[in-house]
Number of protein chains: 2
Amino acid sequence: MRQNIYDNKEFYQEYDKMRKEKKGNNANDLIEIPNFRHLVPNVENKKILDLGCGYGENCKYYKELGASKVLGIDLSTHMIAEANKSNKLENIEYKVMPMEEIDKIEEKFDIVLSSLAFHYIKDFKKLIKDIYNLLNKDGYLIFSQEHPLVTSTILSENIKSNHQIIDNKWYLLLADYNRIGLRKKEWNDQIVEKYHRNFSEIINTLIEVGFKIDNILEPTPSEDAIKKVPKYIYQYDRPYFLFVKVHK
Amino acid sequence: MRQNIYDNKEFYQEYDKMRKEKKGNNANDLIEIPNFRHLVPNVENKKILDLGCGYGENCKYYKELGASKVLGIDLSTHMIAEANKSNKLENIEYKVMPMEEIDKIEEKFDIVLSSLAFHYIKDFKKLIKDIYNLLNKDGYLIFSQEHPLVTSTILSENIKSNHQIIDNKWYLLLADYNRIGLRKKEWNDQIVEKYHRNFSEIINTLIEVGFKIDNILEPTPSEDAIKKVPKYIYQYDRPYFLFVKVHK
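Residues numbered from 1 in each chain as written. Chains lettered and ligands numbered in written order. Predicted model: local features only at pLDDT ≥ 70, side-chain atom pairs only at ≥ 80, totals over all residues. Heavy atoms only, no water.

Sorry if this is basic, but what is going on with helix α5 (residues 124-134) of chain B here?
Because each turn of an α-helix spans 3.6 residues, side chains separated by three or four positions end up pointing in the same direction. Residue and element names in this part refer to chain B. Within α5, burial applies to F124, L127, I128, D130, I131 and L134. Looking straight down α5, one finds that the buried residues subtend no more than 160° of arc, so they occupy a single side. Structurally, α5 contributes buried residues whose contacts are with β1 (47-51), β4 (109-114), β5 (135-146) and α7 (199-209). (Buried < 20%, exposed > 50% of the residue type's maximum accessible area, 1.4 Å probe, protein only. Helix = DSSP H or I, 4+ residues; strand = E, 2+ residues; numbered from the N terminus. Arc of directions from axis to C-beta. Contact = heavy atoms within 4.5 Å.)

Structure (structure tokens):
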């Protein structure tokens, strides 16, 4: 059965709390959102599909920037309820739907977005093919995901920590980079299932399906972000997220 | 002054010895060459430029496969002398020339190749622009280099080793991935200068210059290679080399 941690009450209560209490000071607000928005082209009069839309913050943001219509889908009924409550505008639609079933959607879009959700998907090639089919000519796909350096390592039981900080650098213990597949990681006291893919797997899949690569981002932190959260300087040692922009 | 370790007698004597004594059992023969050749398109009647051609083995190989002309350049007079001695055929030319000066070459080529040399180049964007200008329409560039995971880490003086082997996995201590620039590494008792670039720097530079990405390889070892050199299994933990194929 498909994993749906965002409908697990214990998980989402912790997650909601984290996002609210650290509003403006978490990795989403300081790293993911500004880098992602930097990549998105002009959305005026464009139809947008947001895969794994969560609270719907991006849907609202791009609708207000002039998108003609936004469809946000998410696996989690909790997230879609929150989105309808907090980020609903005219011509935004929210739908409970797993990303694995977007081949059932019958309309086409100019831009497909997805923020920090693709690392939950097992069959990446099917997903990318489905997105390609949903896009109009010259349409864009922009996505972020956990960086391959973050998803890579399976720690041996004989290793206590995945890193050590020495002389103010964050040394990551990295292994299994070329072992693509399932990873189980603890987050908010739950075991979360993710899929590790190396760079070539991600890039070659996009190319094989027919996309052209526009840009890849492995961001370093802004000075402002480091002031707010000093440990963000360790993104110089390894980035948290990977951002990819491609077009049809 | 430009680094030229392959004309340093102490260095090249060790290097020549390693390549000869381990013939068939070194990383060039078991990993780099087969993966590289897998990426090269049909060379029949094509004009080829080999950047950092070393002993000229690839020049000879592609000439024998039907290339109309091959120009091999290398910074090292020692390497070019060896190439002329061992791998000279009609319509192969070897020239002592640093890769930084290929903008002086006046002919055009259908395929540009470079094996394990780009990590010595400081100004990657100039190099890629120069190659683009030397290529005919629809021409290909195929190159290999040390993998970014290999060039990344600058070890603190308080760290003894860059890795540890636990439960038969090779855990790399990784830092500085997002710090692009000079690295000094010991090899054959010499300090060798290399340049670390992360993935996005490599890919975005190619795209900005105008290339389209065809394929990226981060190889895992063949069973045959593991039988010959058991430690090659650790390429599942991190690849040694990165291969990139792009076209104009």
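From this point, things continue past the structure.
Just to check I follow, could you spell out a negative patch on the surface for this structure?
Residues and elements named next belong to chain A. Together, E10, E14, E21, E186 and D189 make up a region of like negative charge exposed at the surface. Considering each element in turn, the negative patch owes the most residues, three residues, to helix α1 (residues 9-21). The exposure class assigned to E14 is partly exposed, which follows from its relative accessible area of 36%. (Patch = residues over 30% accessible without salt bridge, like charges linked within 9 Å, V, L, I, M, F, W, Y side chains within 5 Å. Areas by Shrake-Rupley, 256 points an atom, 1.4 Å probe, with all protein chains shown as cover. Salt bridge = Lys/Arg side-chain N within 4 Å of Asp/Glu carboxyl O. Lys, Arg positive; Asp, Glu negative; His and termini not counted. Charge placed at Lys NZ, Arg CZ, Asp CG, Glu CD.)

Please explain the confidence of the model for chain A as it appears in this structure.
Detailed reading of the predicted model is not advised wherever pLDDT is low. When pLDDT is averaged along chain A, the result is 93, and 99% of the positions lie at 70 or above. We note a pTM of 0.94 for the whole complex and an ipTM of 0.93 for its interfaces. (pLDDT = per-residue confidence, 0-100.)

Whenever I open this one, helix α3 (residues 57-64) of chain B confuses me. Can you help?
Residues and elements named next belong to chain B. Of all the positions in α3, only N58, C59, Y62 and K63 are classed as buried. All buried residues of α3 fall inside an arc of 135° around its axis, so they share one side. On its buried face, α3 is in contact with α2 (27-39), β1, β2 (69-74), β3 (92-96) and β4. Remark: G66 follows α3 within two positions and exhibits a positive phi of approximately 120°.

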